[in-house]
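Descriptive analysis of the structure
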Amino acid sequence: MFLRIDRLQIELPMPKEQDPNAAAAVQALLGGRFGEMSTLMNYMYQSFNFRGKKALKPYYDLIANIATEELGHIELVAATINALLAKNSGKDQEEGVDPVAAPLGFAKDARNTAHFIAGGANSLVMGSMGEHWHGEYVFTSGNLILDLLHNFFLEVAARTHKLRVYEMTDNPVAREMIGYLLVRGGVHAAAYGKALETLTGVEMTKLLPIPRIDNSRFPEAKKFMDLGFHRNLYRFSPEDYKDLGLIWRGASPEDGSEVVVVDGPPQGGPVFDAGHDAAEFAPEFHPAELYEIAKKLYEKAK
């Protein structure tokens, strides 16, 4: 089972303006072949299907725990897309939108019009070209070494895509999120590399980073490295997955510093709320009406 905390893993900067085409590019990092939906579902199903949960507990703990962190990653990428699509930086729009005046006329020039037609100006489970994420992206073989090797590949492929999206947009919201995920993805790649090393003796972490460019080159990533995020493997459970330290130990391939297991999630930041959008009929009710509905609910609960 899962516990949920109503916070993002980091605090995102508020968007200064709407940026639909940046949102379209960022979709690759959510529902693309190597997006966060893929890392989440690969590790989640591998943890469900894991053979030898007791005998091979440190490896089970590693895959299951990283899967849980990935839940927060899809939440963070979705929040970034929503922020990029928000017309008024999360503020409620005024009443009186005239549908005849084509209030969504600007969206016809957006690269992914599905954001506005199907989604109501919010994230969708798709890649950057509108292709929907699907279960064929999930690999769960039952062979521990093969699954770990696949996960190592998946993380470095995801890193490649993050770097390319970073180079596509200078939007500060997108780059803040990408900087964080570059660091956390580096941790996951290193963790899977260390796991493979304990099983095979092959020094997988010497392959890192792929591509051969240090995260410290990117200001948004370096900020999180300076806070030690590249050393931390977070344990997302009050009582379980306590054998992570049997694998996550030794030096970080990022800078040679000692890695650590941290009990509990990062402090994080507030969730993003795009606010009322009259042109999208979302959430249909005007803020004043929402206030009255909430007021009635609280009065009934007394």
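Residues numbered from 1 in each chain as written. Predicted model: local features only at pLDDT ≥ 70, side-chain atom pairs only at ≥ 80, totals over all residues. Heavy atoms only, no water.

1. A closer look at the side chain of Thr160
The topology assignment puts Thr160 in helix α6 (residues 144-168). Once residues within four sequence positions are removed from consideration, Thr160 is found in contact with Ile210 and Pro211. (Helix = DSSP H or I, 4+ residues; strand = E, 2+ residues; numbered from the N terminus. Contact = heavy atoms within 4.5 Å.)

2. Observations regarding the side chain of Gln46
The topology assignment puts Gln46 in helix α3 (residues 36-49). Look past the residues within four positions of Gln46 in its chain and what remains in contact with it is Ile63, Phe139, Thr140, Asp147, His150 and Asn151.

3. Topic: the packing of aromatic side chains
This structure, assessed with the given rule, holds 13 aromatic pairs. Relative to Phe218, the ring of Tyr166 has its centre 5.0 Å away and its plane inclined at 75 degrees; by these criteria the two rings are edge-to-face. Taken together, the positions of Tyr166 in helix α6 and Phe218 in the loop between α7 (172-200) and α8 (219-226) put the pair 52 residues apart, joining distant regions of the chain. Its relative accessible area of 6% is what places Tyr166 among the buried residues. Here a set of aromatic residues connected by ring pairs shows up, and it is made of Tyr180, Phe224, Phe229, Tyr234 and Phe236. (Phe/Tyr/Trp six-rings, centres within 6.5 Å; stacked < 30°, edge-to-face > 60°. Buried < 20%, exposed > 50% of the residue type's maximum accessible area, 1.4 Å probe, protein only.)

4. Thoughts on the environment of His134
Its location among the elements puts His134 in the loop between α5 (114-117) and α6. Sequence-wise, His134 and Leu29 are 105 residues apart; in three dimensions their C-alpha atoms are separated by 14 Å.

5. Quick word on the nonpolar core
Core analysis: the largest hydrophobic core is formed by 79 residues, its most contacted members being Val26, Leu62, Leu76, Val77, Leu148, Met177 and Tyr192. Contributions of two or more residues to this core are made by α1 (20-26), α2 (28-31), α3, α4 (57-85), α6, α7, α8 and β1 (232-235). For Tyr192, the residues in contact, after removing those within four places along its chain, are Tyr43, Leu62, Ile63, Ile66, Leu148, Asn151, Phe152 and Glu155. (Core = buried A, V, L, I, M, F, W, Y, C linked by side-chain atoms within 4.5 Å.)

6. What about α3?
Counting along an α-helix, one turn takes 3.6 residues, and residues three or four places apart therefore face a common direction. The end-to-end C-alpha distance of α3 is 20 Å, a good match for the 20 Å that 14 residues give at a rise of 1.5 Å each. Counting buried positions along α3 gives 11 out of 14 residues, so the element sits mostly inside the fold. Of all the residues in α3, the buried ones are Glu36, Met37, Ser38, Thr39, Leu40, Met41, Asn42, Tyr43, Met44, Gln46 and Ser47. Against the buried residues of α3 lie α2, α4, α6 and α7. (Expected span 1.5 Å × (residues − 1).)

7. Considerations on the pattern of salt bridges
Going through the model one piece at a time under the given rule, you end up with 11 salt bridges. In this structure, Glu36 engages Lys162 in a salt bridge whose closest nitrogen and oxygen atoms are separated by 3.1 Å. Residue Glu36 is located in helix α3, and its partner Lys162 is located in helix α6; the two are separated by 126 residues in the primary sequence. Ionic pairing is found between Asp226 and Lys222, a salt bridge with its closest N-O pair at 3.1 Å. Residue Asp226 and its partner Lys222 are both found in helix α8; the two are separated by four residues, about one turn of the helix. You can call Asp226 exposed: its relative accessible area is 56%. (Salt bridge = Lys/Arg side-chain N within 4 Å of Asp/Glu carboxyl O.)

8. A few points about the packing of α7 against α8
Two quantities define a packed helix pair, namely the angle between the helix axes and the distance between the axes. Taken N-terminus to C-terminus, the directions of α7 and α8 make an angle of 50 degrees; their axes are 7 Å apart at the nearest point. When the axes of α7 and α8 are compared, the pair comes out oblique. As α7 packs across α8, the resulting crossing turns out to be right-handed. Here Arg175, Glu176, Gly179, Tyr180 and Val183 of α7 lie close against α8, whose contacting residues are Glu220, Ala221, Lys223, Phe224 and Met225. The residue makeup of the contact of α7 with α8, split by class, is five nonpolar, one polar and four charged. (Axes fitted to C-alpha atoms, helices over the stretch in contact; angles between N-to-C directions. Parallel < 35°, antiparallel > 145°, perpendicular 65-115°, else oblique. Left-handed = near helix turned anticlockwise from the far one by under 90°. Nonpolar A, V, L, I, M, F, W, Y, C, P; charged D, E, K, R; others polar.)

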